[in-house]
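Fold and geometry: a report
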Amino acid sequence: QVQLVESGGGLVQPGGSLRLSCAASGSIFSIYHSRWYRQAPGKQRELVASISISGSTNYADSVQGRFTISRDNTKNTVYLQMNSLKSEDTAVYYCNVQNSITMANYWGQGTQVTVSS
């Protein structure tokens, strides 16, 4: 079992930055693929960024060049650095990890990001 605790959300002005963190406990973090999803009101949850156990990354077109996903296996933590934020980035952001061996998925509780002037 893996427990995920997200932090770093909040209110920011357009053009600003935030860094989300997702701390994992309960297992060997290095064997987990990690992802950030987001869900805006009235919309489906969408994949924002992912990082594999080898460190390869992928991004949604809407955040490419503005967001950076990274991981620190020594701290069991995955990060999402968000720059040049736009109002359309407003959503609840969820951390997700998947065990690369068992394929079991785990979710964080979500953290609100609001981009508004």
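A brief report on the enclosed structure follows. (Residues numbered from 1 in each chain as written. Predicted model: local features only at pLDDT ≥ 70, side-chain atom pairs only at ≥ 80, totals over all residues. Heavy atoms only, no water.)

Okay, the environment of Leu-4 next. Looking at the element boundaries, Leu-4 is found in strand 1 (residues 3-7). A residue is classified by how much of its surface remains accessible, and Leu-4, at 8% relative accessible area, is buried. Each C-alpha atom, one on Leu-4 and one on Thr-102, is 18 Å from the other, the two residues being 98 residues apart in sequence. Contacts of Leu-4, omitting those with residues within four sequence positions, involve Cys-22, Ala-23, Ala-24, Cys-95, Asn-96, Val-97, Tyr-106, Trp-107, Gly-108 and Gln-109. (Helix = DSSP H or I, 4+ residues; strand = E, 2+ residues; numbered from the N terminus. Buried < 20%, exposed > 50% of the residue type's maximum accessible area, 1.4 Å probe, protein only. Contact = heavy atoms within 4.5 Å.)

Next up on the list: the state of the cysteines. Put plainly, two cysteines are in a disulfide when a covalent bond ties their sulfur atoms together. Tallied over the entire structure, the rule returns 1 disulfide. The residue that forms a disulfide with Cys-22 is Cys-95, at a sulfur-sulfur distance of 2.1 Å. One disulfide, between Cys-22 and Cys-95, carries an S-S torsion of -80° and so falls in the left-handed class. In this pair, Cys-22 is assigned in strand 3 (residues 18-25) and Cys-95 in strand 9 (residues 91-99), connecting sequence segments 73 residues apart. Owing to a relative accessible area of 0%, Cys-22 belongs among the buried residues under this scheme. The exposure class of Cys-95 is buried, given its relative accessible area of 0%. (Disulfide = S-S within 2.5 Å.)

Okay, the pairing of strand 4 (residues 32-39) next. For a regular strand, side chains alternate in direction, first toward one face of the sheet and then toward the other. Judged by how many residues are buried, strand 4 sits mostly within the fold: 6 of 8 residues are covered. Of the pairings in the sheet, the one linking strand 4 to strand 9 comprises 8 bridges and is antiparallel in character. Looking at the pairing, Tyr-37 lines up with Tyr-94 of strand 9. Two elements, strand 4 and strand 5 (residues 46-51), share 5 bridges in a ladder whose sense is antiparallel. What sits directly across from Trp-36, in strand 5, is Ala-49. In this structure, the hairpin formed by strand 4 and strand 5 is closed by a connection of 6 residues, where Gly-42 is found at a positive phi of approximately 80°. (Pairing = 2+ DSSP bridges.)

Time to look at the sheet that holds strand 3. Strand order in the open sheet formed by 4 strands is 1-3-8-7, and the pairing between neighbours is antiparallel. On the outer flanks of this sheet lie strand 1 and strand 7 (67-72), each paired with one strand and no other. Adjacent strand axes in the sheet meet at a mean angle of 15° when their direction is disregarded. Across 6 bridges, the pairing between strand 3 and strand 8 (residues 77-82) is antiparallel. Each residue of the ladder has a partner; that of Leu-20, found in strand 8, is Leu-80. (Axes fitted to C-alpha atoms, helices over the stretch in contact; angles between N-to-C directions.)

Okay, the environment of Gln-112 next. In this structure, Gln-112 sits in strand 11 (residues 111-115). Taking the C-alpha atoms as reference points, Gln-112 and Val-92, 20 residues apart in sequence, are found 4.4 Å from one another. Non-local contacts of Gln-112, meaning those with residues more than four positions away in its chain, are made with Gly-9, Gly-10, Thr-90, Ala-91 and Val-92. One polar contact links Gln-112 to Thr-114, side chain to side chain, over a distance of 3.3 Å. (Polar contact = N/O pair within 3.5 Å; in protein donor to acceptor, adjacent residues only side chain to side chain.)

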